[in-house]
Amino acid sequence: MSTQATETEAIKRSVTVDCSVEHAFETFTERIHEWWPLAKYSIDAGESGSAPQTVIFQGEAGGQVFERTKNGEDLKWADVIAYEPPHRFVLSWNPSREQDRPRTEVEVTFSDEGGKTLVELEHRGWERLGERAGEAREGYASGWESVLKGYAEKASS
Amino acid sequence: MAYRDAIDALGDRTRRAIFEQLRSGPRAVGEIADELPVSRPAVSQHLRVLKEAGLVTERRNGTRRIYRLDPDGLGELRDYFDEFWSEAFAAFKAMAEDERRNG
């Protein structure tokens, strides 16, 4: 059983990529459509069972990250609240058709490490979802309902 | 793992719709059924699956059963997304390094 602390603790991930900081940043942002597993992790995949056309990361503060479905509909995943190429960006995260939900925050930083690039991600703000205790974390978890469905189909096939 | 049960439980369209409804607060079976094109017994069955998956809890209020989301079950889902980022990172790393090799 999860404790309260675990539930609200930030998710952290890091990876060292064998390329320049600039290239790593561009790949993560402008070229997100080339690597994000859309067939598995997208709203369209959840609703229709197959991948959307693409995902677009608008590289500026105030921009958005959104997927374009097969029907040409744009569905928002996040608002870009900080965009500082090639070192950092921050997203206000809620990949869902329901946009009036509590949001979590995703920060990704890129730093040089002897010619390679250390990429660090922090997904935080779970306590915001937990403030309404009985309905805790629903905003995020359910925002990914489609992601889960896509995953479930893959996992069970 | 409980999160797998949760993921499997949410693999069904109707159960996702029920889960969505409960995000806005606790509800009785009848209230849930009113907004869905399925019968009340079917809703009860889906609620049972969600409950077994740790996603919802029920309590009695007189003769009514009130359902709400279970924060512990949702904690398991958060754990699941921990894995999700690992996978996304692996795909990202492969792409970033592949491009470099390709010049």
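Data block above holds the structure.
Overview of the structure.

Rules behind the numbers
Residues numbered from 1 in each chain as written. Chains lettered and ligands numbered in written order. Predicted model: local features only at pLDDT ≥ 70, side-chain atom pairs only at ≥ 80, totals over all residues. Helix = DSSP H or I, 4+ residues; strand = E, 2+ residues; numbered from the N terminus. Buried ≥ 20, exposed ≤ 12 C-beta atoms within 10 Å, placed from the backbone. Axes fitted to C-alpha atoms, helices over the stretch in contact; angles between N-to-C directions. Parallel < 35°, antiparallel > 145°, perpendicular 65-115°, else oblique. Contact = placed C-beta atoms within 7 Å. Nonpolar A, V, L, I, M, F, W, Y, C, P; charged D, E, K, R; others polar. Pairing = 2+ DSSP bridges. Arc of directions from axis to C-beta.

1. Overview of the overall build of chain B
Thought 1: Helices and strands together make up the secondary structure of chain B, namely 5 helices and 3 strands.
Thought 2: Beginning at the N terminus, the succession of helices and strands in chain B can be written as α-α-β-α-α-β-β-α.
Thought 3: Counting the 103 residues in chain B, one finds 36% classified as buried.

2. Quick look at the packing of helix α2 (residues 13–23) of chain B against helix α4 (residues 40–52) of chain B
Angle between the axes and distance between the axes: these two values describe a pair of packed helices.
Residues and elements named next belong to chain B.
Thought 1: Between α2 and α4, whose axes approach to 10 Å, the crossing angle comes to 80 degrees. Considered as vectors, α2 and α4 are oriented roughly perpendicular to each other. Every residue of α4 that contacts α2 at Thr-14, Arg-15, Ile-18 and Phe-19 is listed here: Val-43, His-46, Leu-47, Val-49 and Leu-50.
Thought 2: Partitioned by chemical class, the residues of the contact of α2 with α4 number 6 nonpolar, 2 polar and 1 charged.

3. A few points about the sheet that holds strand β3 (residues 64–69) of chain B
All names here are of chain B.
Thought 1: Strand order in the open sheet made by the 3 strands is β1-β3-β2, with antiparallel pairing throughout. The open sheet has two edge strands, β1 (27–28) and β2 (56–61), and neither has a second partner.
Thought 2: Pairing geometry for β1 and β3, over 2 bridges, is antiparallel. In the strand pairing of β3, Arg-27 is matched with Tyr-67.
Thought 3: Strand contacts of α2: β1, β2 and β3, with the helix running at about 90 degrees to β3, the strand carrying the most contacts.
Thought 4: The strands touched by α4 within the sheet are β2 and β3, with β2 carrying the most contacts at an inclination of about 120 degrees.

4. Here we look at the environment of A:Ile11
Thought 1: Among the structural elements, A:Ile11 can be located in strand β1 (residues 11–17).
Thought 2: Here A:Ile11 falls in the partly exposed class, since 19 other C-beta atoms lie within 10 Å of it.

5. Brief notes about α2(B)
For an α-helix, the turn length of 3.6 residues means that residues three or four places apart are oriented alike.
All names here are of chain B.
Thought 1: Of the residues making up α2, those classed as buried are Arg-15, Arg-16, Ile-18, Phe-19 and Leu-22. The buried residues of α2 occupy an angular sector of 160 degrees when the element is viewed end-on, so they sit on one face.
Thought 2: One or two steps after α2, the chain reaches Gly-25, where phi turns positive at roughly 135 degrees.

6. Some words on the sheet that holds strand β2 (residues 54–57) of chain A
All names here are of chain A.
Thought 1: In space, the 7 strands of this open sheet follow the order β1-β7-β6-β5-β4-β3-β2, with antiparallel pairing throughout. The outermost strands of the open sheet, each flanked by one partner alone, are β1 and β2. Put simply, the sheet's adjacent strands are angled 20 degrees from each other on average, direction ignored.
Thought 2: For strand β5 (residues 88–93) and strand β6 (residues 104–113), the ladder comprises 6 bridges, and the chain directions are antiparallel. Each residue of the ladder has a partner; that of Ser-92, found in β6, is Glu-105.
Thought 3: Sitting on the sheet, helix α2 (residues 21–28) touches β1, β6 and β7 (116–124), and the angle it makes with β6 is about 155 degrees.

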